[in-house]
Amino acid sequence: MSIFIRIWFFFGLIILLGLWFMSYTFNQQVKPNVRQVVEDTLAENANIIAMLVSEDVHENKVSTAQFDEKIQKALNRKLNANIWQHNKKEINQQIYITDAKGIVIYDSQGIATGQDYSRWNDVYLTLQGKYGVRSTRSYEGDSNSSTMFIAAPIYYQAAPNQQQKLIGVVSIGKPNSSVQPYIQRAEDQLLRQAAWITLLSLFLASLVAYWLKHSIDRVRKYAQALAPVNQTPYFRSAKELNQVAQAVENMREKLEDRSEERSDLRTLCQHFNPWVKSPLTAIQASAELLKEDLPLNDQQQFASHIHGQSQRLKTLIDRMLLLTRLEKSKHQI
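Residues numbered from 1 in each chain as written. Predicted model: local features only at pLDDT ≥ 70, side-chain atom pairs only at ≥ 80, totals over all residues. Heavy atoms only, no water.

Draft legend 1. Broad picture of the nonpolar core. The biggest cluster of nonpolar side chains holds 26 residues, and the ones touching the most others in it are Val 53, Val 57, Phe 67, Ile 95, Ile 97, Ile 154 and Val 170. Elements that contribute at least two residues to this core include exactly helix H1 (3-52), helix H3 (65-75), strand E3 (94-99), strand E6 (146-156) and strand E7 (165-175). Top contributing element to this core by residue count: H1, with seven residues. The contacts of Val 57, once residues within four sequence positions are left out, are Val 62, Ile 97, Ile 105, Ile 154 and Ile 167. (Core = buried A, V, L, I, M, F, W, Y, C linked by side-chain atoms within 4.5 Å. Buried < 20%, exposed > 50% of the residue type's maximum accessible area, 1.4 Å probe, protein only. Helix = DSSP H or I, 4+ residues; strand = E, 2+ residues; numbered from the N terminus. Contact = heavy atoms within 4.5 Å.)

What follows is the structure, encoded as structure tokens:
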């Protein structure tokens, strides 16, 4: 498998895992947070309504047609609220009121009046002096069919100096489906952003993978080329690749040095042997003659001959070293 495909696949896998984590975090954090905000609002509304209906509960007016008409008008009030690009047109709440024993004495839907709700958590906990809340599903297995109920105690105080008396419980319910549009909008927006991020990330991953593959190919081609005039490739913002290229350069120089040493030795033996042998023979012969007693003129002549042949050898060696340096040069001449 090509390194380009491997890198691209690796980046793609990381991106998919990141998107899965974002989705998991959304389901675990965003949805509960939205419902917490709804619960906070319902708790405030329940306590406000508990204060407003305390007189009616004490005087047994909650079962009258006038009280029901007032509540129905409030719940059926038309809205024209544009909340986070969602046009809200109606109130999605229901109210029921129980007496101090948990018996429903009023239900805005008209279906629970007279029933015993004393065992429902919202009513039961409130009658115990605790915070009452419950969430009940209309259809089992369907989380969107659940309704959240928040209860508040109804107190009545006959006189300012008398103690408050618990006379009932008011509970406000709000279907979770009413907040689903906001959650769905957040999910859709998250998916759109995730899609753009995915495409952009994969594109950038492709560029990085292509750049890395192209850089490695340059190092490979440089290592395969044997001509000593090749310039070592340099990569911007890629220290590791530069180190690899330098290591290849050092290795090739050592191999070339060994090869050139053997080549120089063969060249010296094959091509320069006749040129070197003749001066050495002349020097050796002159040195042998100088060991004998000779006239001063002959000695000077042989000494001059040795000096000339030595200078000839030196010139020959200097030219050979110059040729070697030129062959090792990385610049074209």
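Draft legend 2. Region of the structure containing the packing of aromatic side chains. Taken as a whole and judged by the stated rule, the model has four aromatic pairs. Seen in terms of ring centroids, Phe 67 and Tyr 106 are 5.2 Å apart; in terms of plane orientation they differ by 85 degrees. Their pairing is edge-to-face. Of this pair, Phe 67 sits in helix H3 while Tyr 106 sits in strand E4 (residues 104-107), and the two are 39 residues apart along the sequence. The two residues Phe 67 and Tyr 106 agree in class, both being buried. Look at Tyr 96 and Phe 149: their rings are 5.7 Å apart centre to centre, the planes differ by 50 degrees, and that puts the pair in the tilted class. Of the two residues, Tyr 96 sits in strand E3 while Phe 149 sits in strand E6, which places them 53 residues apart along the sequence. Comparing Tyr 96 with Phe 149 shows no difference in burial state: the two are buried. Feature note: the residues Tyr 96, Tyr 117, Trp 120 and Phe 149 constitute an aromatic cluster, connected by ring pairs. The ring of Trp 120 carries the charged tip of Arg 134 above its face, separated from the ring centre by 4.3 Å. (Phe/Tyr/Trp six-rings, centres within 6.5 Å; stacked < 30°, edge-to-face > 60°. Lys NZ or Arg CZ within 6 Å of the ring centre and 35° of its normal.)

Draft legend 3. Spatial organisation of the layout of surface pockets. The volume enclosed by the largest pocket comes to roughly 350 Å³. Ile 49, Leu 52, Ile 71, Ala 74 and Ile 95 are, among the 14 residues lining the largest pocket, the residues nearest its centre. Listed by contribution, the elements that provide at least two residues to the lining of the largest pocket are H1 and H3. One number sums up the size of the second largest pocket: a volume of about 240 Å³. Asn 33, Val 34, Val 37, Val 38, Thr 41, Leu 42, Asn 45, Lys 88, Gln 93, Lys 174, Val 179 and Tyr 182 are the residues that line the second largest pocket. Partitioned by chemical class, the residues of the lining of the second largest pocket number six nonpolar, four polar and two charged. (1 Å grid on protein atoms, 1.4 Å probe; cavity = no way out; pocket = protein on both sides within 12 Å on 5 of 7 lines; lining within 4 Å. Points joined across faces, edges and corners; volume = space filled by probe spheres on them. Nonpolar A, V, L, I, M, F, W, Y, C, P; charged D, E, K, R; others polar.)

Draft legend 4. Seen up close, a nonpolar patch on the surface. A surface patch of nonpolar side chains, about 410 Å² in accessible area, is lined by Trp 8, Phe 9, Leu 13 and Leu 17. Here Trp 8 falls in the partly exposed class, since its relative accessible area comes to 34%. (Patch = residues over 30% accessible without salt bridge, like charges linked within 9 Å, V, L, I, M, F, W, Y side chains within 5 Å. Areas by Shrake-Rupley, 256 points an atom, 1.4 Å probe, with all protein chains shown as cover. Salt bridge = Lys/Arg side-chain N within 4 Å of Asp/Glu carboxyl O.)

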